[in-house]
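# Coordinate analysis (summary)
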Amino acid sequence: MSVLVLVLAVGAACCLGIGFVLQQNAAARAPLGDFLSPRLLLDLVRVPRWLGGIGFMVVGMVLGAIALSHGEVSLVEPLLATNLLFALLLSRRQTRRPLGRQGWAGLLLLAGGVTAFIVAGRPRGGDAVSDPVRQWLIIGVMLGLALLLTVYAKRSVMSAGPALLGAAAGLLYGVQDALTRVSGQRFSEGGWVSLATGWQVYGVVALGVTGLVLVQSAFETAPLRMSLPALTAAQPLAGIACGVGFLGDRLRTGSGALAWEAAGLAGIVVGVVLLGLHPAMPSGTVPGQRQRQRDLQPR
């Protein structure tokens, strides 16, 4: 594994984690009438804390894009999942709660899961699949799942809605990371002309904006611990599926390697959930918000 990719991916995770916390602090105070509407972004753009969070997120995405240009999606995605560690560190500083058994267990599972997956799988590059049907099938499945989760989230705004929106956004961000990798390859091979004439770069923008609306709607309606674990767990799974499915990423396929890879992914997911549900994660609620949440629930 390249040290450059490691530093870039972990740096991206740090910026993303800090950005998510700042965004949720601001989104929790946005009008709930803007739920799942682009108007939400217009309201939040006037909030300095939210702009700061977006700034950190943009830096994280740029660092992640550079990491993806030098490393495989299947390698970078598990490292990006560590953004939850940095989100918890900032949240802990705000709430002054100790990590406790849950925090340390989540930290060890997440770190151990990432290590196990990378060491056992040894992600490496290969030839991208040229079959467009296979590519669109994988992308279509991810987008279809995201749409389905969003529809169900809209029906259960205050119960499972935030987690469903987080998972939907994670799936979109995973596909976005894969398309970012392809866009970087097109740019390195043909410059700006090749980049502008490919649909992938426009897909990156569209997925980014859509994912941002989903994430802010989730942050707006519930504490960070309700949505960030689902987002952080879904993104690497979708990214790895795209990487192996049509970008040509290769993983070791021996029985022992597959067992450790599965155990690593399971450790990542369980660690993410434990850290995301930690009491140190900020609630983000403001006076009167719970009443507005009850008013928004379908009767």
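Residues numbered from 1 in each chain as written. Predicted model: local features only at pLDDT ≥ 70, side-chain atom pairs only at ≥ 80, totals over all residues. Heavy atoms only, no water.

### Focus on the overall build of the chain
Counting its regular elements, the chain contains 12 helices and 0 strands. Of the regular secondary structure in the chain, the N- to C-terminal order runs α-α-α-α-α-α-α-α-α-α-α-α. In terms of C-alpha radius of gyration, the chain reaches 19 Å, essentially the compact-globule figure of 19 Å for 299 residues. Principal axes of the C-alpha set define a box for the chain whose edges measure 55 × 45 × 35 Å. Taking all 299 residues of the chain together, 52% fall into the buried category. Sequence-distant contacts, at least 24 apart, represent 87% of the contacts inside the chain between residues at least 6 apart. With the model as given, the accessible surface of the chain reaches about 13,400 Å², and the carbon-plus-sulfur share is 67%. Positive and negative charge centroids in the chain, built from 23 and 12 side chains respectively, lie 13 Å apart. (Helix = DSSP H or I, 4+ residues; strand = E, 2+ residues; numbered from the N terminus. Rg over C-alpha atoms; globule rule 2.2 N^0.38 Å. Buried < 20%, exposed > 50% of the residue type's maximum accessible area, 1.4 Å probe, protein only. Contact = heavy atoms within 4.5 Å. Areas by Shrake-Rupley, 256 points an atom, 1.4 Å probe, with all protein chains shown as cover. Lys, Arg positive; Asp, Glu negative; His and termini not counted. Charge placed at Lys NZ, Arg CZ, Asp CG, Glu CD.)

### Some points on the pattern of salt bridges
All chains considered together, the criterion is met by 2 salt bridges. In this structure, Arg46 engages Asp43 in a salt bridge whose closest nitrogen and oxygen atoms are separated by 2.9 Å. Arg46 gets classed as exposed once you look at its relative accessible area, which sits at 63%. Close ionic contact of Arg181 with Asp249 constitutes a salt bridge, the shortest N to O distance being 3.5 Å. Of the two residues, Arg181 is situated in helix 8 (residues 161-196) and Asp249 in the loop between helix 10 (224-246) and helix 11 (255-276); the sequence distance between them amounts to 68 residues. (Salt bridge = Lys/Arg side-chain N within 4 Å of Asp/Glu carboxyl O.)

### Topic: the environment of Leu179
With respect to the helices, strands and loops of the structure, Leu179 is situated in helix 8. Judged by relative accessible area, Leu179 falls into the buried class, the value being 2%. Discounting chain neighbours no more than four positions away, the residues touching Leu179 are Ile139, Trp199, Gln200, Gly203, Val204 and Leu207.

### Topic: the nonpolar core
The biggest cluster of nonpolar side chains holds 73 residues, and the ones touching the most others in it are Phe20, Met57, Val76, Leu110, Tyr173, Val175 and Phe246. The element contributing the most residues to this core is helix 8, with 10 residues. Once residues lying within four places of it in the same chain are set aside, the contact partners of Phe246 are Ala128, Val129, Gln135, Ile138, Ile139 and Ala178. (Core = buried A, V, L, I, M, F, W, Y, C linked by side-chain atoms within 4.5 Å.)

### Let's talk about helix 7 (residues 132-155)
Over its 24 residues, helix 7 runs 34 Å from end to end, which matches the ideal 34 Å to within 8%, given 1.5 Å per residue. Listed as buried for helix 7 are Gln135, Ile138, Ile139, Met142, Ala146, Thr150 and Ala153. Close packing links the buried residues of helix 7 with helix 8, helix 9 (200-221) and helix 10. (Expected span 1.5 Å × (residues − 1).)

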